[in-house]
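Understanding the architecture of this molecule
Here is how the chains run, residue by residue.
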Amino acid sequence: MKTPLGLFAAAALAAVVAAPASAADFVGPRVEATVGLDRLDFDLNDYGTDDSVRAKGVTVGGAVGYDAPLGGGLIAGVEAGVTWSNADRTFTNGTDSVSFDARRDFDLSARLGAQVAPRTLLYGKAGYT
């Protein structure tokens, strides 16, 4: 599972470099890039050991979306994205071996937001990866 640290860092960076915006600046097509840390935890109880294996890596990706005004300062949008990760690990216990690899994720999501300040859009997002 992806950690929210990378998403938080990307959002914080975007907030720092953002120029003053009006409500119109929050609608229309958009493109984003994502860079973050990935961590996978795998429980090995089903493989005869009380151990777990952890893999860490870097994840990179991006998304495209479109946001449209609903009126009254509300904005709705859709988004599709993909990320790749190099987190992988192989565990060997005698003759048994198990491997896992994060590879890539595809996601689709929708969001609903409201402009709460000249440069701030507060939104909720739901999706599937």
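Up top you'll find the structure we're talking about.
All of the points below concern the structure found in this document. Only a predicted model underlies this, so the values are computations on that prediction, with no experimental measurement involved.

Criteria and thresholds
- Residues numbered from 1 in each chain as written.
- Predicted model: local features only at pLDDT ≥ 70, side-chain atom pairs only at ≥ 80, totals over all residues.
- Heavy atoms only, no water.
- Patch = residues over 30% accessible without salt bridge, like charges linked within 9 Å, V, L, I, M, F, W, Y side chains within 5 Å.
- Areas by Shrake-Rupley, 256 points an atom, 1.4 Å probe, with all protein chains shown as cover.
- Salt bridge = Lys/Arg side-chain N within 4 Å of Asp/Glu carboxyl O.
- Lys, Arg positive; Asp, Glu negative; His and termini not counted.
- Charge placed at Lys NZ, Arg CZ, Asp CG, Glu CD.
- Helix = DSSP H or I, 4+ residues; strand = E, 2+ residues; numbered from the N terminus.
- Buried < 20%, exposed > 50% of the residue type's maximum accessible area, 1.4 Å probe, protein only.
- Pairing = 2+ DSSP bridges.
- Axes fitted to C-alpha atoms, helices over the stretch in contact; angles between N-to-C directions.
- Core = buried A, V, L, I, M, F, W, Y, C linked by side-chain atoms within 4.5 Å.
- Contact = heavy atoms within 4.5 Å.

A closer look at a negative patch on the surface
Residues Asp43, Asp46, Asp50 and Asp51 make up a contiguous surface patch of negative charge. Tracing the sequence through the fold places Asp46 in the loop between strand 1 (28-43) and strand 2 (52-71). On the basis of relative accessibility, which here comes to 74%, the residue Asp46 falls in the exposed class.

Quick word on the sheet that holds strand 1
Spatially, five strands are ordered 1-2-3-6-7 in an open sheet, and the strand pairing comes out antiparallel. Of all strands in the sheet, those with a lone pairing partner are strand 1 and strand 7 (120-128), marking the two edges. Within this sheet the neighbouring strands show an average axis-to-axis angle of 30°, counted without direction. When strand 6 (residues 104-117) meets strand 7, the two strands line up antiparallel, connected through nine bridges. Within the sheet, the bridge partner assigned to Ala117 lies in strand 7 and is Thr120.

Things to note about the nonpolar core
Side chains of nonpolar character tend, in soluble globular proteins, to be buried together. Within the largest apolar cluster, nine residues are counted, these being Leu40, Leu44, Val53, Ala55, Ala87, Phe91, Val98, Phe100 and Ala102. Among the elements of the structure, strand 2 and strand 5 (96-101) are those that each provide at least two residues to this core. Residues in contact with Leu44, not counting those within four places in the same chain, are Thr49, Asp51, Ser52, Val53, Phe91 and Val98.

Some thoughts on the pattern of salt bridges
For the coordinates displayed, the defined rule picks out eight salt bridges. Arg30 is paired through a salt bridge with Glu79; the nearest N and O atoms lie 2.5 Å apart. With Arg30 in strand 1 and Glu79 in strand 3 (residues 74-85), this residue pair connects regions lying 49 residues apart in the sequence. In this structure, Arg30 and Glu79 share a single accessibility class: buried. One connected set of salt bridges, linked through shared partners, spans Arg30, Glu32, Asp67, Glu79, Arg111 and Lys125.

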